[in-house]
Amino acid sequence: MSARSRMLAALAAWVAAAALAAPDAATLDYRLSARALAPGVYVVEGANEDFSRANGCNIINTGFIVGDDGVLVINTGPSRRYGEQLRALVAKTTPRPVKQVLHLNLHPDYFLGNQAFADVPRLATAATRSGMRAEAKAYEDNLYRLCGDWMKGTEALLPDREIAAGPVALAGRRLELRELAGHTASDLVLVDRDSGVVFAGGLVFVDRIPTTPHARLPDWQRSLDALAGQPHQVLVPSHGPVVGDARGIEQTRRYLQWLDRSFTAAAQRGLDLVEVMALPVPAEFRGWAAFATEYPRNVVHLYPGYEARTLQRP
Amino acid sequence: MFPGATPLRRRRLLLAALSPLIVPPARAADDPTGGDPFRSIQWPGLQREHFGADARVEFDPRVQVRGPALAENPVVVPISVAVEGLPDVQRIVVIVDRNPIRKVLEFEPRPGRALPAISFRFRLEQASPVRAAAQTRDGVWHVGGTLVDSSGGGCTVSGVTRQDGSWAQTLGQVSGRVFPELDGRGARLRVRVMHPMDTGLVGGIPAFFLKRIAVHDAGGTELLRLSTFEPVSENPVFSFDLAGRPPGPLRVSGIDNNGNRIEGTV
């Protein structure tokens, strides 16, 4: 890591800590703020926590990139209100209109703010679009239960255009999309070639336990290898702080490796789900955000696959 | 430990446990939950329904029920029950207060063959206490439990193999394995039986579920017996702890509510 990127990372962490205002539940104000990572490239940071009423279920980093004739919005947040406040924030930051919305994967806080962007093209890959169609109802129900009033008026509005890997059209910008997989069936990574800012979506978690409802670990590891070879100055994970180095990639890789080893060994011993939840976890991972809630979910999502292999006939 | 259990209640539990002849403390007349540590209004009715009006029922920390605080997937909620330090357990009944169908299973470990411990997954319709009641030879029911929160809807959605129709190809298949126990004594038996386990609560899909499963060793000795009900998860996986290393292969047999027979060896 160069001295420059180290300095950038330190600066990023400091600004993030200083800028993140607590959401106001009385007025349902997420108090979003846009932080410039490079000229015309902004991140809007969520809390590095699990979904809760206290954080308004805003745990995602969204973003936007300003081109010569308009703005590309990256993910729209967990609710209609979030989408509206994000759009107002874009309007406050630049006079240029929102041209299009991009969804990096199918998870709920990547698209439940879409009602505020009903008038612009909303892009996702074919796999993400069909996944959203299948899951939208369950996502609405689940987030209403978790977040209450913050979700008022939220209904899933699906992306209406398909996009694939390759260049993204935004005047005056050299943007490139890579389609990887493993966190979900289709994980987009957006690279701004000029600034070196990479929006890594759900493939990278920083100081936070990865979420795994649609995960396939071998694919995910291959995608992390690909990302490690992707030159970047600043990496924006969907969850956890923005970093100027490969820390998030390494953390995610280490955690997934540990899960794989731990679950393989547990299945060989004949442990059941509850026993696996109670296994010792390395201190590093226990210190990450959302450990207490996310690790048991990892077990429920992934362990049945491991045990099924040991129970099958040889 | 039970949430909210006071030191006084703990002492009473201890007294009741140590001395089976002492009648448990009288119910406070103004407590509609009948002294339930989970404060569940359903508890007095559940007791009458499942154990009978005259049954002796005690909360007992030796009956340990473990599960996740939150059901990530309400159609697959994992639970482990273990009874430790309580001799002569005849059967263990698992009941979920706020499920539309409350009884999940009834497990009968054969004394000296299988330990009073079982792991399984079930469908949870909404947040609820999950209880295990272990009946000892003197007829007393010893009750433990845990609280599981849920996003809801576990009993009223159809299973994956019902949705894609694949259940018909795998119905009744038995797979499993015997694992050596950690300390070298006994063994862990894990069994999976392929079955859609339809609850009957999904429109147009009648109840279709496994009713009984038994495990015998190669010499024909019965090790355990299990009655299962609608809330048990699709393609059930069970873990049992055996008292020794029985001669294998073990024979798993059973029947569902449509009369389909289950046969397999592990």
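Residues numbered from 1 in each chain as written. Chains lettered and ligands numbered in written order. Predicted model: local features only at pLDDT ≥ 70, side-chain atom pairs only at ≥ 80, totals over all residues.

> So what about the overall build of chain B? Which residues, and what values?
Each helix and strand counted, chain B has 4 helices and 16 strands in total. Counting only contacts in chain B whose residues sit at least 6 apart along the sequence, the fraction spanning at least 24 positions is 68%. (Helix = DSSP H or I, 4+ residues; strand = E, 2+ residues; numbered from the N terminus. Contact = placed C-beta atoms within 7 Å.)

> Describe unusual backbone geometry, listing the residues and the values that go with them.
With glycine set apart, most residues show a phi of negative sign, and most peptide bonds adopt trans. Residues and elements named next belong to chain B. In this model, glycine 248 is joined to proline 249 through a cis peptide bond whose omega is 0°. Looking at the secondary structure, you find proline 249 in the loop between strand 14 (237–242) and strand 15 (251–256). We note that arginine 39 has phi near 55°; this positive angle belongs to a residue other than glycine.

> Summarise the interface of chain B and chain A; cite the residues concerned and give the values.
In this complex, chain B contributes 21 residues to the contact, which on the side of chain A involves 18 residues. Breaking the side of chain B that touches chain A down by element, the ones donating at least two residues are strand 4 (77–83), strand 10 (174–180), strand 11 (187–193) and strand 14 of chain B. Among the elements that take part in the side of chain B that touches chain A, strand 10 of chain B stands out by supplying 4 residues, more than any other. A class-by-class count of the residues in the side of chain B that touches chain A yields 7 nonpolar, 8 polar and 6 charged. (Nonpolar A, V, L, I, M, F, W, Y, C, P; charged D, E, K, R; others polar.)

> So what's going on with the pairing of strand 2 (residues 41–44) of chain A? Which residues, and what values?
Walk down a regular strand and you will see the side chains alternate between the two sheet faces. Residue and element names in this part refer to chain A. Neither face of strand 2 is left uncovered, since the one carrying Val41 and Val43 and the one carrying Tyr42 and Val44 both have all their residues buried. The pairing of strand 1 (residues 34–38) with strand 2 spans 4 bridges and is antiparallel. By the bridge assignment, arginine 35 is partnered in strand 2 with valine 43. Counted along the chain from strand 1 to the antiparallel partner strand 2, the turn is 2 residues long, and its residue glycine 40 has a positive phi close to 80°. Summarising the sheet, strand 2 and strand 3 (residues 62–66) pair through 4 bridges and their orientation is antiparallel. If you follow valine 43 over to strand 3, its bridge partner there is glycine 63. (Buried ≥ 20, exposed ≤ 12 C-beta atoms within 10 Å, placed from the backbone. Pairing = 2+ DSSP bridges.)

> Give a description of the packing of helix 5 (residues 247–269) of chain A against helix 8 (residues 291–311) of chain A that names residues and reports values.
Residue and element names in this part refer to chain A. Put simply, helix 5 and helix 8 touch, their axes get as near as 9 Å, and they point 50° apart. Classified by the angle between their axes, helix 5 and helix 8 sit oblique to one another. Judged by the sense of rotation from one axis to the other, the crossing of helix 5 with helix 8 is right-handed. Contact residues: Leu259, Phe263, Thr264, Ala267 and Gln268 in helix 5; Asn298, Leu302, Tyr303, Tyr306, Glu307, Arg309 and Thr310 in helix 8. Per-class residue counts for the contact of helix 5 with helix 8 are 6 nonpolar, 4 polar and 2 charged. (Axes fitted to C-alpha atoms, helices over the stretch in contact; angles between N-to-C directions. Parallel < 35°, antiparallel > 145°, perpendicular 65-115°, else oblique. Left-handed = near helix turned anticlockwise from the far one by under 90°.)

> Give a detailed account of the packing of helix 4 (residues 217–228) of chain A against helix 5 of chain A, specifying residues and quantitative values.
All names here are of chain A. Where helix 4 meets helix 5, the axes come as close as 10 Å, and the angle between the chain directions of the two elements is 155°. By the angle class used here, helix 4 and helix 5 are roughly antiparallel. Every pair of crossing elements has a handedness; the one defined by helix 4 and helix 5 is left-handed. Packed against helix 4, whose contacting residues are Leu217, Trp220, Gln221, Leu224, Leu227 and Ala228, the element helix 5 presents Ile249, Thr252, Arg253, Leu256, Leu259 and Asp260 at the interface. Looking at the contact of helix 4 with helix 5, its residues break down into 8 nonpolar, 2 polar and 2 charged.

> Got a sec to walk through the sheet that holds strand 10 of chain B? Specific residues and values, please.
All names here are of chain B. Taken together, 6 strands build an open sheet; the order of strands is 2-4-7-14-11-10 and the sheet is antiparallel. The open sheet has two edge strands with one neighbour each: strand 2 (63–66) and strand 10. Each adjacent strand pair in this sheet contributes to an overall mean axis angle of 15°, direction not counted.

> Break down the nonpolar core for me, with residues and values.
By size, the foremost hydrophobic cluster in this structure holds 144 residues, and its most contacted members are Val189(A) and Ile92(B). Beyond its immediate stretch of four places on either side in the chain, Val189(A) contacts Arg178(A), Leu180(A), Val198(A), Phe199(A), Ala200(A), Gly201(A), Leu203(A) and Leu227(A). (Core = buried A, V, L, I, M, F, W, Y, C linked by C-beta atoms within 7 Å.)

> I'd like to hear about the environment of Gly254(B), residue by residue, with values.
Residue and element names in this part refer to chain B. Mapped onto the elements of the fold, glycine 254 is located in strand 15. For the pair glycine 254 and phenylalanine 38, spaced 216 residues apart in the sequence, the C-alpha separation amounts to 35 Å. Setting aside residues no more than four positions away along its own chain, glycine 254 makes contact with Val193, Leu210, Arg212, Ile213, Ala214 and Ile262.

> Let's hear about the confidence of the model for chain B: which residues, and what values?
Scored by pLDDT, chain B comes out at a mean of 87, with 86% of its residues at no less than 70. Model confidence for the complex is summarised by a pTM of 0.87, with the ipTM given as 0.84. (pLDDT = per-residue confidence, 0-100.)

> If you had to explain the pairing of strand 12 (residues 234–239) of chain A to someone new, which residues and values would you point to?
Residue and element names in this part refer to chain A. Across the 6 residues of strand 12, 6 count as buried, placing the element largely inside the fold. When strand 11 (residues 197–205) meets strand 12, the two strands line up parallel, connected through 5 bridges. Among the inter-strand pairings, phenylalanine 199 is bridged to a residue of strand 12, identified as valine 236. For the segment spanning strand 11, helix 4 and strand 12, crossover handedness is right-handed. (Right-handed = clockwise from strand over helix to strand, strands pointing away.)

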